[in-house]
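Chain by chain, the residues:
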Amino acid sequence: MKKASIAVLTGIALMLGACVGAVQDKENMMTAAGFNVRLADTPDKIAALKKLPPHKFFAQNKNNQVVYFYADPTICRCLYYGNQQAYQTYRQMAFQQNLADQQQMTAEINQQTAFDFGPWGDPFWY
């Protein structure tokens, strides 16, 4: 029973770690794309940050300019903000990263399918 609980907790920890890593990668790309960061370093800012949609982009018009925001109330407790150019740069970077990830996954799948079943006979179909 204890082994099953440990396995479940380990699985959950790995999933959470992957989520945190993905969010951090996204936030690193936003910074590289030109987004600015403001820390929620007062109780009022923390309360305001928690009212925003977490880990999602949203846009607002300010002085006839579109400003993009991304609230992170959990990892950095900060608010990212940027203009149209920063958002477009981020989207292009995210697209390129997604493409690279897919190419890596395809390469790994192709490498795995190169397994030689010769000495084993036909594949192990059940």
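Conventions adopted
- Residues numbered from 1 in each chain as written.
- Predicted model: local features only at pLDDT ≥ 70, side-chain atom pairs only at ≥ 80, totals over all residues.
- Heavy atoms only, no water.
- pLDDT = per-residue confidence, 0-100.
- Helix = DSSP H or I, 4+ residues; strand = E, 2+ residues; numbered from the N terminus.
- Contact = heavy atoms within 4.5 Å.
- Disulfide = S-S within 2.5 Å.
- Buried < 20%, exposed > 50% of the residue type's maximum accessible area, 1.4 Å probe, protein only.
- Polar contact = N/O pair within 3.5 Å; in protein donor to acceptor, adjacent residues only side chain to side chain.
- Salt bridge = Lys/Arg side-chain N within 4 Å of Asp/Glu carboxyl O.

S.K.: Can you help me understand the confidence of the model for the protein chain in this one?
M.R.: Any region with low pLDDT has predicted coordinates that should not be read closely. Averaged over all residues, the pLDDT of the protein chain equals 81, while 71% of them reach at least 70. Across the protein chain, the element-wise mean pLDDT spans from 63 in helix α1 (residues 2-33) up to 97 in strand β4 (residues 78-82). Within the model, pLDDT remains below 50 along residues 7-11, and this stretch shows zero contacts once partners closer than five positions in the same chain are excluded. Note on residues 13-19: pLDDT is under 50 here. Beyond four places in sequence and across chains, it has zero contacts.

S.K.: Could you clarify how one ought to interpret the state of the cysteines in this entry?
M.R.: As used in these notes, a disulfide is a covalent bond between sulfur atoms, one from each of two cysteines. Within the structure shown, the criterion is met by one disulfide. In this model, Cys76 is linked to Cys78 through a disulfide, with the two sulfur atoms separated by 1.7 Å. Because the torsion about its S-S bond is -60°, the bridge between Cys76 and Cys78 counts as left-handed. A relative accessible area of 25% means that Cys76 is categorised as partly exposed.

S.K.: I tried to follow the environment of Asn83 on my own but got confused; where do I start?
M.R.: As for its position among the elements, Asn83 is in the loop between β4 and α3 (84-113). Here Asn83 falls in the partly exposed class, since its relative accessible area comes to 43%. Dropping the residues within four chain positions of it, Asn83 is found in contact with Val66 and Tyr68. Polar contacts involving the side chain of Asn83 include one to the main-chain amide nitrogen of Gln85, which spans 3.2 Å. A distance of 2.8 Å separates a polar atom in the side chain of Asn83 from the backbone nitrogen of Ala86.

S.K.: Can you walk me through the environment of Lys56 in this structure?
M.R.: Relative to the elements of secondary structure, Lys56 occurs in the loop between α2 (43-50) and β2 (57-62). Sequence-wise, Lys56 and Asp72 are 16 residues apart; in three dimensions their C-alpha atoms are separated by 8.5 Å. With sequence-adjacent residues up to four places away left out, Lys56 is seen in contact with Phe69, Tyr70 and Ala71.

S.K.: I tried to follow the pattern of salt bridges on my own but got confused; where do I start?
M.R.: For side chains of opposite charge, pairing can occur when their charged atoms come near one another. With the rule as written, the count across this model stands at one salt bridge. Asp41 is the salt-bridge partner of Lys45, the closest N and O atoms lying 3.2 Å from each other.

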